[in-house]
Structure formats: structure tokens, C-alpha cells
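Now for the letters of each chain:
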Amino acid sequence: IRGEYLKARETFGQAIDISRREQDYDLEMLSLAAAAAGDAYDNNWEQCVERCREGLALREKTNDLYALTSVIGFLVRALIATGHTDGTTDLAQEQVTLAERFRDRVALSTAYWLNGVLARMKGDWEEVRHYTGIALDFSPGDDRILGTRIMIEYDLGQSEVGKSFLSERSERFRDRPADI
């Protein structure tokens with residue numbers, strides 16, 4: 001797997017170089033978003049932050065709202081993972097605003113979920129429920145959102161509510177084919 005990440009990183013680097021040479025800002029934003037995703041999935045959070053910050057620098061030069069939303073989402077995750085959460089609430093709110101503009105279900109559920117995660121970090125339980133509730137409306141079976149809700153309900157002593165979310169998650173796994 002590590003070799004695949006290194007090959008992907010090289011390929012994304014080439015795409016970024018080409019987009020810069022051609023001054024194709026939409027391609028550069030998309031390539032930076034893809035590179036940041038690869039870095040995040042490899043837990044290379046510092047590189048992810050760097051790629052995302054490069055992407056944010058292009059926000060006035062690109063029309064690719066999906067890539068910009070993705071860059072912001074990976075930046076929020078990377079900042080959470082590295083413990084540098086200052087300014088993440090504003091970024092997460094911007095992500096919601098952008099996702100609302102183009103109404104993509106995955107982008108919307110991710111944006112609202114990340115706002116819920118940040119609310120959980122602040123101890124604002126009602127906001128967690130609010131944001132994750134909206135996120136679940138867009139992606140009812142999303143394990144990230146269900147996991148966040150399960151944890152918050154059990155943390156707050158709401159075992160029955162937590163159990164209902166856990167049952168929902170368990171049903172999803174039972175219904176999956178064995179080869180997944």
C-alpha cells in the first residue's frame with residue numbers, strides 16, 4: 001500500500017506541475033484537493049495542510065467549488081488531527097456555505113459532519129446533534145456521522161439513543177456483501 005501512496009503522490013505532483021505551467025487554476029485546485037486527500041488517507045497531515053493552504057490561495061482564481069470545498073474539508077480534518085484548531089470553525093462554516101451553493105450530497109454531509117465534530121470538541125452537545133442531524137439527512141448511512149452520534153449520545157448518558165444509532169450502523173454491516 002505504501003508504494004501506491006508514493007506513486008499517487010508522484011502523479012499528483014506531476015498534475016500540479018502541469019496545471020501551474022499551463023496556468024490552469026481549476027486543474028491545480030482539483031489536483032491539490034486530490035493530493036491532500038491522498039495525504040490525509042496516509043496520515044501525512046503536515047503535507048495535507050500544506051496542499052490545502054496552496055489550494056486556498058487559489059480560491060479567487062478558480063470556479064471549482066467542489067475542489068475548493070474538498071480542500072477546506074481536508075484542511076479542517078488535518079488541523080484537527082494536528083491539534084491546531086484555531087480558525088477551523090470559520091473554515092467549516094465556509095465549507096457549508098460552499099456546499100450549499102452546489103448542493104452535492106457528499107459535500108453537504110461532510111461539511112455538516114465536520115461542524116458537528118468541531119462542536120463536540122467544544123462541548124456544545126446541542127450543536128453536535130444539530131449538525132450531525134443535518135448531515136444524516138444527506139447521508140443516513142455515513143459511518144463517520146453515525147460514529148460521531150453514537151459517541152456523543154453515550155458520552156451524555158443517552159444509552160437508548162446511542163443504542164439506536166449503533167443498531168442502525170450494525171444493520172448496515174449485516175447487509176453488506178461478505179467480500180467487502
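Residues numbered from 1 in each chain as written. Predicted model: local features only at pLDDT ≥ 70, side-chain atom pairs only at ≥ 80, totals over all residues. Heavy atoms only, no water.

A.B. asks: Tell me about helix α4 (residues 65–81), and please be specific about residues and values.
C.D. replies: Compared with the 24 Å implied by 1.5 Å per residue over 17 residues, the 24 Å span of α4 between its first and last C-alpha is a close match. Here α4 lies mainly inside the structure; 13 of its 17 residues are buried. N-capping of α4 is provided by Asp64, with a side-chain oxygen placed 3.2 Å from the backbone N of Tyr66. Note on α4: the residue one or two positions beyond its end, Gly83, has a positive phi of about 75°. (Helix = DSSP H or I, 4+ residues; strand = E, 2+ residues; numbered from the N terminus. Expected span 1.5 Å × (residues − 1). Buried < 20%, exposed > 50% of the residue type's maximum accessible area, 1.4 Å probe, protein only. Polar contact = N/O pair within 3.5 Å; in protein donor to acceptor, adjacent residues only side chain to side chain.)

A.B. asks: With reference to specific residues and values, describe the side chain of Ser139.
C.D. replies: Mapped onto the elements of the fold, Ser139 is located in the loop between α7 (125–138) and α8 (143–155). A distance of 2.8 Å separates the side chain of Ser139 from the side chain of Arg105, its partner in a polar contact. A distance of 3.1 Å separates polar atoms of two side chains, one belonging to Ser139 and the other to Ser109. Sequence-distant contacts of Ser139, that is, excluding residues within four places in its chain, are made with Arg105, Ser109 and Ile145. (Contact = heavy atoms within 4.5 Å.)

A.B. asks: I'd love a proper account of the state of the cysteines, names of residues and values included.
C.D. replies: The full count for this structure, using the stated rule, is zero disulfides. Looking at the unpaired Cys48, the closest cysteine sulfur is the one in Cys52, lying at 4.1 Å. (Disulfide = S-S within 2.5 Å.)

A.B. asks: Describe the packing of helix α2 (residues 25–41) against α4, naming the residues involved and giving the relevant values.
C.D. replies: Axis separation between α2 and α4 bottoms out at 9 Å; the angle between their running directions is 30°. Judged by the angle between their axes, α2 and α4 are roughly parallel. Remark: the crossing between α2 and α4 carries left-handed chirality. Residues Met29, Leu30, Ala33, Ala36, Ala37, Ala40 and Tyr41 of α2 touch α4, and the partners they reach there are Ala67, Leu68, Ser70, Val71 and Phe74. A class-by-class count of the residues in the contact of α2 with α4 yields 11 nonpolar, one polar and no charged. (Axes fitted to C-alpha atoms, helices over the stretch in contact; angles between N-to-C directions. Parallel < 35°, antiparallel > 145°, perpendicular 65-115°, else oblique. Left-handed = near helix turned anticlockwise from the far one by under 90°. Nonpolar A, V, L, I, M, F, W, Y, C, P; charged D, E, K, R; others polar.)

A.B. asks: An account of the environment of Trp113 is needed here, citing residue identities and associated values.
C.D. replies: Summarising the element assignment, Trp113 is placed in helix α6 (residues 105–122). Its relative accessible area of 11% is what places Trp113 among the buried residues. In this structure the C-alpha to C-alpha distance between Trp113 and Lys7, which are 106 residues apart in sequence, comes to 31 Å. If we ignore the near neighbours within four places in the chain, the residues touching Trp113 are Arg77, Ala135, Arg144, Ile145 and Thr148.

A.B. asks: Requested: an account of a nonpolar patch on the surface, with residues and values cited.
C.D. replies: Taken together, Ile18, Leu27 and Leu30 make up a surface patch of nonpolar side chains, about 230 Å² in accessible area. Structurally, Ile18 can be placed in helix α1 (residues 2–21). Assessed through its relative accessible area of 39%, Ile18 is described here as partly exposed. (Patch = residues over 30% accessible without salt bridge, like charges linked within 9 Å, V, L, I, M, F, W, Y side chains within 5 Å. Areas by Shrake-Rupley, 256 points an atom, 1.4 Å probe, with all protein chains shown as cover. Salt bridge = Lys/Arg side-chain N within 4 Å of Asp/Glu carboxyl O.)

A.B. asks: Quick rundown of the pattern of salt bridges? Include the residues and the values.
C.D. replies: By the definition in use, this model includes 11 salt bridges. Across the pair Arg59 and Glu94 runs a salt bridge, and its minimum N-O distance is 2.3 Å. Taken together, the residues Arg59 in the loop between α3 (45–56) and α4 and Glu94 in helix α5 (residues 88–102) connect sequence positions 35 residues apart. Overall, Glu94 belongs to the partly exposed group, its relative accessible area being 24%. One salt bridge connects Glu160 with Lys163, and the closest N-O pair in it is separated by 3.5 Å. Here Lys163 and Glu160 lie together in helix α9 (residues 159–174), a separation of three residues that amounts to about one turn. A relative accessible area of 57% places Glu160 in the exposed class. Residue classification places Lys163 among the partly exposed positions, given a relative accessible area of 40%. Residues joined by salt bridges that share partners form a network here, namely Glu126, Arg129, Arg149 and Glu153.

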